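# Remarks on the overall topology
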Amino acid sequence: MAARVLVTGAAGRIGRAVLTLLAERGSEANALVLDDPGDLPARLVVTGDAADAKTVGAALEGADAVIHLAAIPTPEHNTAAEVFTANSLTTFTVLEEAGRAGIRHVALASSWGVTGLPWTAAENPHPPYVPVDEAMDSQVADAYGLSKQVDELTARMMARRHGMSVVCLRYPYVGGFEERLLAHAARLTADPAAGARDLWTYLEVRDAARAALLALDVRGSGAHAVHLCAPEIIVPYPTEELLRRYHPGTPLRGPLPGRAAPVDTSAARRLLGFTARNLVGREGATSCWGDT
C-alpha cells in the first residue's frame with residue numbers, strides 16, 4: 001500500500017470514502033478539490049482545477065500514488081463541450097503530471113457510462129449480450145460516455161509513456177445505504193424499467209473506495225479497465241425474468257441464477273482480488289423491500 005496517496009475529487013462521494021479508508025489503514029492522503037469543505041482527513045488539501053498542471057503538481061507533493069476521481073459525473077447539467085473538455089483534459093493533466101513526478105500507480109474512475117447505455121438517445125437501448133464484459137462494443141452517443149472512453153485511451157498512452165500501472169474502474173451507480181441506495185432500491189423495485197439501462201447494478205461506496213485502493217497494488221506497467229458492481233442486482237426480482245422483459249432480444253451467454261448481476265466482474269476479481277461485500281438486502285437494508 002502506498003505511503004501517501006493523492007485523491008482528486010476528494011470532497012465527492014467516493015473521494016470522502018477513500019480518505020476515510022486511507023485514514024483507517026494508517027496511510028496519509030493529499031486532497032485536490034475545487035473548494036475546501038474544511039473537514040477532509042488529509043495531510044495536504046490543495047484547492048483548484050485538476051486540469052491545471054501547476055495545481056496538480058502542488059497536490060502531488062510527497063505522494064507516491066494517485067486515485068483520480070475528479071470529473072463532471074453526468075452529461076445532464078453541463079453542455080456537451082464542457083463535459084467532454086473538462087473530463088478529458090483533467091485526466092490527461094493528472095496522469096501526465098503524476099508520470100512526470102515519478103508516480104507509477106494510479107487508480108482512475110471510469111464509469112458504466114463507457115458502455116453508452118445510460119445516456120444514448122436510443123429509446124430502449126439493449127446490450128448486445130449479457131453478462132456484459134469489458135470487451136463489449138460501446139454504444140456511446142453522449143459527451144460523458146465519450147470522455148470516459150478517452151480517459152481509458154489516455155490511461156493506455158500514459159502507461160506506455162511513463163511505465164505506469166493505471167487501473168480504470170468502471171463504477172456503476174454508487175452510494176451509501178442511507179444516503180441513497182435504499183431509496184434507489186425502493187424506486188427501482190416499484191419501477192424496474194427505470195433500472196434497465198444500468199442493468200439494475202450498483203456498488204456501495206465503501207466497496208468503491210476499497211476497489212480504488214486495491215488498484216494501487218497492481219504490479220507492473222500497463223492499463224486495465226474493469227467492471228465493478230455488487231454480485232446481486234438491487235431489485236428483488238429474478239435477473240433472467242427482468243432481462244426477458246426489458247432486454248428481450250439480448251443473448252444470454254451464461255446462466256444468471258436468482259438475482260445475479262448481469263455484468264461479468266471476473267476481471268476485477270483476477271486483477272484486484274475484489275468482490276463487493278456490502279449488499280442491499282443485508283446490513284439492515286432489507287426493510288427497503290418490505291415483503292415484496
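Above: the structure in question.
These remarks concern the structure in this document.

A word on helix α3 (residues 80-100). Because the α-helix completes a turn every 3.6 residues, residues three or four places apart line up on one side. Helix length check: α3 (21 residues) gives 30 Å between terminal C-alpha atoms against 30 Å at 1.5 Å per residue, within 8%. When we look at burial in α3, the residues that qualify are V83, N87, S88, T90, T91, T93, V94, L95, E96, E97, A98 and G99. Elements in contact with the buried residues of α3: β1 (4-8), α2 (53-59), β4 (65-68), β5 (105-111) and α4 (143-162). At the exit of α3 stands G102, carrying a positive phi of roughly 90°.

Below, the discussion takes up the pattern of salt bridges. One pass over the structure, following the stated rule, counts 10 salt bridges. Between D207 and R210 there is a salt bridge, and its shortest N-O distance comes to 2.9 Å. With a gap of 3 residues between them, D207 and R210 both fall in helix α6 (residues 205-215), about one helical turn apart. Residue D207 is classed as buried on the basis of its relative accessible area of 1%.

With that settled, consider unusual backbone geometry. For the peptide bond that leads from V130 to P131, omega is -5°, which places it in the cis range. Along the chain, the position of P131 falls in the loop between β5 and α4. Positive phi is not limited to glycine here, since L199 has a value of about 55°. Given the relative accessible area of 0%, L199 is considered buried. In this structure, W200 takes a positive phi of about 60° despite not being glycine. By the secondary structure assignment, W200 is in the loop between α5 (177-190) and β8 (203-204).

Examined against the element boundaries, E152 turns out to sit in helix α4. The exposure class of E152 is buried, given its relative accessible area of 6%. One polar contact links E152 to S110, side chain to side chain, over a distance of 2.7 Å. Leaving out residues up to four positions away in the same chain, E152 has contacts with S110, V114, C168, R170 and A225.

Right, let's talk about the packing of α3 against α4 for a bit. With their axes 9 Å apart at the nearest point, α3 and α4 run at an angle of 15° to one another. When the interaxial angle is binned, α3 and α4 end up roughly parallel. Pair α3 / α4 crosses with right-handed handedness. Two secondary-structure elements touch here, α3 through A80, V83, F84, N87, S88, T91, F92, L95, E96, G99 and R100 and α4 through A143, Y144, L146, S147, V150, D151, T154, A155, M157, M158, R161 and H162.

Turning our eyes to something else, we now look at the sheet that holds strand β3 (residues 44-47). Ordered by their spatial adjacency, 7 strands build an open sheet running β3-β2-β1-β4-β5-β6-β9, and the pairing between neighbours is parallel. This sheet does not close on itself; its edge strands, each paired only once, are β3 and β9 (222-227). When the angles between neighbouring strand axes are averaged without regard to direction, this sheet yields 15°. As paired strands, β4 and β5 are joined by 3 bridges and run parallel to one another. Following the sheet pairing, I67 is matched in β5 by A107. The sheet contacts of α4 involve β5, β6 (165-171) and β9, and relative to β5 the element is tilted by about 160°. Its contacts with the sheet put α6 on β4, β5 and β6, and the angle it makes with β6 is roughly 165°.

Cut-off values and rules
Residues numbered from 1 in each chain as written. Predicted model: local features only at pLDDT ≥ 70, side-chain atom pairs only at ≥ 80, totals over all residues. Heavy atoms only, no water. Helix = DSSP H or I, 4+ residues; strand = E, 2+ residues; numbered from the N terminus. Expected span 1.5 Å × (residues − 1). Buried < 20%, exposed > 50% of the residue type's maximum accessible area, 1.4 Å probe, protein only. Contact = heavy atoms within 4.5 Å. Salt bridge = Lys/Arg side-chain N within 4 Å of Asp/Glu carboxyl O. Polar contact = N/O pair within 3.5 Å; in protein donor to acceptor, adjacent residues only side chain to side chain. Axes fitted to C-alpha atoms, helices over the stretch in contact; angles between N-to-C directions. Parallel < 35°, antiparallel > 145°, perpendicular 65-115°, else oblique. Left-handed = near helix turned anticlockwise from the far one by under 90°. Pairing = 2+ DSSP bridges.

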